[in-house]
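Listed below are the residues making up each chain.
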Amino acid sequence: MHGMAKILSLGLLLVTLLISCSTAEDGRYRDTEMLERPPTVAVDRKAGESPQIDDSVIPRKKYKSGLGDDVYMTESTPAKLRIKQPIDDAWYTLDLALKQSEIKITDHERDKGFYYVSYNPGAFFGNMTGFFEKQNDEQNGAIYLLTVKEDGAETEITATIANATEQSSAGKNGAHKASEEGAEDLLQQLYKTLRDDLKEE
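Residues numbered from 1 in each chain as written. Predicted model: local features only at pLDDT ≥ 70, side-chain atom pairs only at ≥ 80, totals over all residues. Heavy atoms only, no water.

Enquirer: What am I meant to see in the nonpolar core here?
Expert: Nonpolar side chains in soluble globular proteins tend to be buried together. One finds Leu81, Leu98, Leu146, Ile157, Leu186, Leu190 and Leu194 to be the most contacted residues of the largest nonpolar core, which totals 30 residues. Counting residues per element, the ones that place at least two in this core are strand E1 (71–73), strand E2 (81–83), helix H4 (87–100), strand E4 (114–119), strand E5 (142–151), strand E6 (154–161) and helix H8 (180–197). Among the elements that take part in this core, H4 stands out by supplying seven residues, more than any other. Excluding its chain neighbours within four sequence positions, the residues that come into contact with Leu146 are Leu98, Gly113, Phe114, Tyr115, Val117, Ile157, Thr158, Ala159, Leu186, Leu187 and Leu190. (Core = buried A, V, L, I, M, F, W, Y, C linked by side-chain atoms within 4.5 Å. Buried < 20%, exposed > 50% of the residue type's maximum accessible area, 1.4 Å probe, protein only. Helix = DSSP H or I, 4+ residues; strand = E, 2+ residues; numbered from the N terminus. Contact = heavy atoms within 4.5 Å.)

What follows is the structure in structure tokens.
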């Protein structure tokens, strides 16, 4: 009986001790001000020196809705399309724009900077006739030559009527005759796609 009372009093003492510990005020765990403050980093920089920014880990912006101001049309005659990219990047960008505009590439010569495309201006008008013409664009389009040329830090693109040999490659179905207006319309179509709609694949 004596041993039982000893165990009970020891248990009671232990419970009392636990309760008193749980209600004790400890400022270390209640003050979170230090946790919310960012650490101070010592910077060893001489007076007048500008801060160095490491941009090697900043990802390059991918174009998800066009190039915006990085593409523009010149006011010259004939108009020229200019992309603010070096020629290798601009070649890839133009290729994307042609595919996304559903303009058929009939041939290309990368070393000369040439893209031959089949284009029918009427196929891009917002009416039902244009819709059906677009479906047959590969058969009906005239052939135009896009010339891609480096100009400093930018790339210049011009559109002209392709030569008779290229036109004949359109075959008997090449119903639409190539024209200067068609060449300008082609550049305008590409400009709109590049500026507003280009998406990274």
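Enquirer: Any chance you could explain the environment of Gly182 here in plain terms?
Expert: With respect to the helices, strands and loops of the structure, Gly182 is situated in helix H8. The spatial distance from the C-alpha of Gly182 to the C-alpha of Tyr144 is 8.5 Å, given a sequence separation of 38 residues. Here Gly182 is in contact with Tyr119, Pro121 and Tyr144, once residues within four sequence places are set aside.

Enquirer: What am I meant to see in the pattern of salt bridges here?
Expert: Within the structure shown, the criterion is met by nine salt bridges. Residue Arg82 is joined to Glu156 by a salt bridge in which the shortest nitrogen-to-oxygen separation is 2.9 Å. Note that Arg82 is positioned in strand E2 and Glu156 in strand E6, a separation of 74 residues in sequence. By the burial criterion, Arg82 is buried, and Glu156 matches it. Lys112 is paired through a salt bridge with Glu109; the nearest N and O atoms lie 3.3 Å apart. Each of Lys80, Arg82, Lys149, Asp151, Glu154 and Glu156 takes part in salt bridges that share partners, so that together they form one network. (Salt bridge = Lys/Arg side-chain N within 4 Å of Asp/Glu carboxyl O.)

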